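Structural overview for review
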Amino acid sequence: MPLNRQYIIGVDGGGTRTRAVIGTRKGEVLAFVEGAGTNIKSMPPEKVRLHIIQLLAKLLQKIDATKNDISTVFFCVAGGDRQVDKERWEQWMSFLFPASSCKITITNDAIAALTSGTFTQQGLVVIAGTGSIVYGVGKNHQISRVGGWGYLLGDEGSGYYIGQEALRYIARHYDAFGVNENLFTETILEHLALKNPTEIITYVYEHPQPRVIIASIARAVLRLAEQNNDRAMKIIEQATHHLVQFIQTMFKKEPQLQVYPIVLCGGLFGNSYFVQCFREKLQLAKIPNRLLQPEVPPVIGAFVNGLLSEGISMTEALQRTIKETWVSIHEK
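Reading guide: rules and limits
Residues numbered from 1 in each chain as written. Predicted model: local features only at pLDDT ≥ 70, side-chain atom pairs only at ≥ 80, totals over all residues. Heavy atoms only, no water. Helix = DSSP H or I, 4+ residues; strand = E, 2+ residues; numbered from the N terminus. Rg over C-alpha atoms; globule rule 2.2 N^0.38 Å. Contact = heavy atoms within 4.5 Å. Areas by Shrake-Rupley, 256 points an atom, 1.4 Å probe, with all protein chains shown as cover. Lys, Arg positive; Asp, Glu negative; His and termini not counted. Charge placed at Lys NZ, Arg CZ, Asp CG, Glu CD. Buried < 20%, exposed > 50% of the residue type's maximum accessible area, 1.4 Å probe, protein only. Pairing = 2+ DSSP bridges. Axes fitted to C-alpha atoms, helices over the stretch in contact; angles between N-to-C directions. Parallel < 35°, antiparallel > 145°, perpendicular 65-115°, else oblique. Left-handed = near helix turned anticlockwise from the far one by under 90°. Nonpolar A, V, L, I, M, F, W, Y, C, P; charged D, E, K, R; others polar. Expected span 1.5 Å × (residues − 1). Phe/Tyr/Trp six-rings, centres within 6.5 Å; stacked < 30°, edge-to-face > 60°. Salt bridge = Lys/Arg side-chain N within 4 Å of Asp/Glu carboxyl O.

Comments concerning the overall build of the protein chain
Assigned secondary structure in the protein chain consists of 11 helices and 10 strands. Relative to the compact-globule value of 20 Å for 332 residues, the protein chain shows a C-alpha radius of gyration of 21 Å, a close match. Over its C-alpha atoms, taken along the principal directions, the protein chain stretches across nearly 70 × 45 × 40 Å. Long-range pairs, those at least 24 residues apart, make up 70% of the contacts in the protein chain with a sequence separation of at least 6. Accessible surface, the protein chain as shown: approximately 15900 Å² in total, 51% of it carbon and sulfur. Within the protein chain, the 30 negative side-chain charges are centred at a point lying 5 Å from the centre of the 34 positive side-chain charges.

Quick look at the structure:
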């Protein structure tokens, strides 16, 4: 067992789910927990606070550790780079871990996604999950972002965007034609376990997490697109177009980031049709950057950041240890 205060915790907190791992300075990932989302812009902050406390307590319990055994906690959470949100997280964590012996870092969840692909703290990442963002970190740790304005103001190209476009189409179609045979509408309603478009309003507006349920519709839209459904294909085409526009905007304001490969993260990039459509849009925009799809999830990126923040060199041997121990505990 490691000496006291030698454990490192990495946390990846997004809008849909939160993951946390604990491991050693040698890169051995020892335990993993998963729970609900911890985005304080989409649920009450007090609920988020209680949830993260319970999740971390469960993580420590898995290896019979205490808060005094932790040397570093690296939080990569939605909105973690906004000063007001960072201060709130820091206040919560100060009651959990002793400031005299534990280093706490709060940053954006995009950092975890970036590092999961590069195993460094530099580069460019495109995230297309429940929400969307393009996030870049330059050589001097200069951070730049495009998108990430949330579902009320942006999130173009995200799962939420795709689901919202699907529901908007269904609403317009119903207004024009009423209930009729339409594969797209039928598939989306089946996904939501609804029988009629008129049920959508009550279901969505009274759902405790409408953002999450709307984003889940993207899976059904992708299935339809893979079956050459014209409406679904147009929605996916437009979503990937928005993401490529984000990248173009990033390169215009931060030209030095053009030298990096582009890390792809988020549930949408787990779909081969979506990735292919995205590649085609990149080619049309003449963006030649190599694309990286991480071998490990963002929570491991958060853990790697914890190691790097302690001045630990990220050697190839250390990377192998991290990957192998993650696979071993995740498959249990």
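Picking up after the structure, the text goes on.
Structural notes on the pairing of strand β2 (residues 17-23)
A large share of β2 lies buried, amounting to six of its seven residues. Two elements, strand β1 (residues 7-13) and β2, share six bridges in a ladder whose sense is antiparallel. In the sheet register, G13 faces β2, and the bridge partner there is T18. Pairing between β2 and strand β3 (residues 29-36): seven bridges, direction antiparallel. Paired with R19 across the two strands is E34, which belongs to β3.

Things to note about the packing of helix α8 (residues 230-253) against helix α9 (residues 272-284)
Packing of α8 against α9 leaves a shortest axis separation of 9 Å and a crossing angle of 50 degrees. On the basis of their axis angle, the class for α8 and α9 is oblique. Seen from above, α8 lies across α9 with right-handed handedness. Residues M233, I236, E237, A239, T240, H241, L243, V244 and I247 of α8 touch α9, and the partners they reach there are Y273, F274, C277, F278, K281 and L282. Classifying every residue of the contact of α8 with α9 by side-chain character gives 11 nonpolar, two polar and two charged.

Some remarks on helix α10 (residues 298-309)
Given a rise of 1.5 Å per residue, 12 residues ought to cover 16 Å, and the 16 Å separating the end C-alpha atoms of α10 matches this to within 8%. For α10, the buried fraction is high: nine of the 12 residues fall into the buried class. Within α10, burial applies to V299, I300, G301, A302, F303, V304, N305, G306 and L307. Against β1, β2, β3, β4 (70-77), α3 (109-118) and α11 (316-330) lie the buried residues of α10. At the C-terminal side of α10, G311 shows a positive phi close to 80 degrees.

Brief notes about the packing of aromatic side chains
Following the criterion strictly, the structure yields five aromatic pairs and no others. Ring geometry for F269 against F278: centres 5.2 Å apart, planes inclined by 70 degrees, an arrangement best described as edge-to-face. Judged on exposure class, the residue F269 and its partner F278 are both buried. Feature note: the residues F269, F274 and F278 constitute an aromatic cluster, connected by ring pairs.

Quick notes on unusual backbone geometry
Backbone geometry places D64, a non-glycine residue, at a positive phi of 55 degrees. Position of D64 among the secondary structure elements: in the loop between α1 (45-62) and β4. Residue D64 is classed as exposed on the basis of its relative accessible area of 70%.

Digging into the sheet that holds β2
Pairing in this open sheet of five strands is mixed, and the strands run β3-β2-β1-β4-β5 from one edge to the other. Because the sheet does not close on itself, it has two edges, and the strands there are β3 and β5 (103-108). Ignoring which end each strand starts from, the neighbouring axes of this sheet average 15 degrees apart. Sitting on the sheet, α1 is in contact with β1, β2, β3 and β4, with an inclination near 155 degrees to β3.

A few points about the pattern of salt bridges
Summed over all chains, the structure comprises seven salt bridges. Among the ionic pairs, R168 bridges to E165, the shortest N-O distance being 3.2 Å. In this pair, R168 and E165 both sit in helix α4 (residues 159-177), three residues apart, roughly one turn of the helix. Judged by its relative accessible area of 41%, R168 falls in the partly exposed class. Note that K323 and E295 form a salt bridge whose closest N and O atoms lie 3.5 Å from each other. Linking K323 in helix α11 with E295 in the loop between β10 (291-292) and α10, this pair joins segments that are 28 residues apart in sequence. Taking relative accessible area as the criterion, K323 reaches 22% and is therefore assigned partly exposed. Through salt bridges with shared partners, a single ionic network connects R17, R19 and E34.

Note that all results are geometric; they support no functional claim without further evidence.
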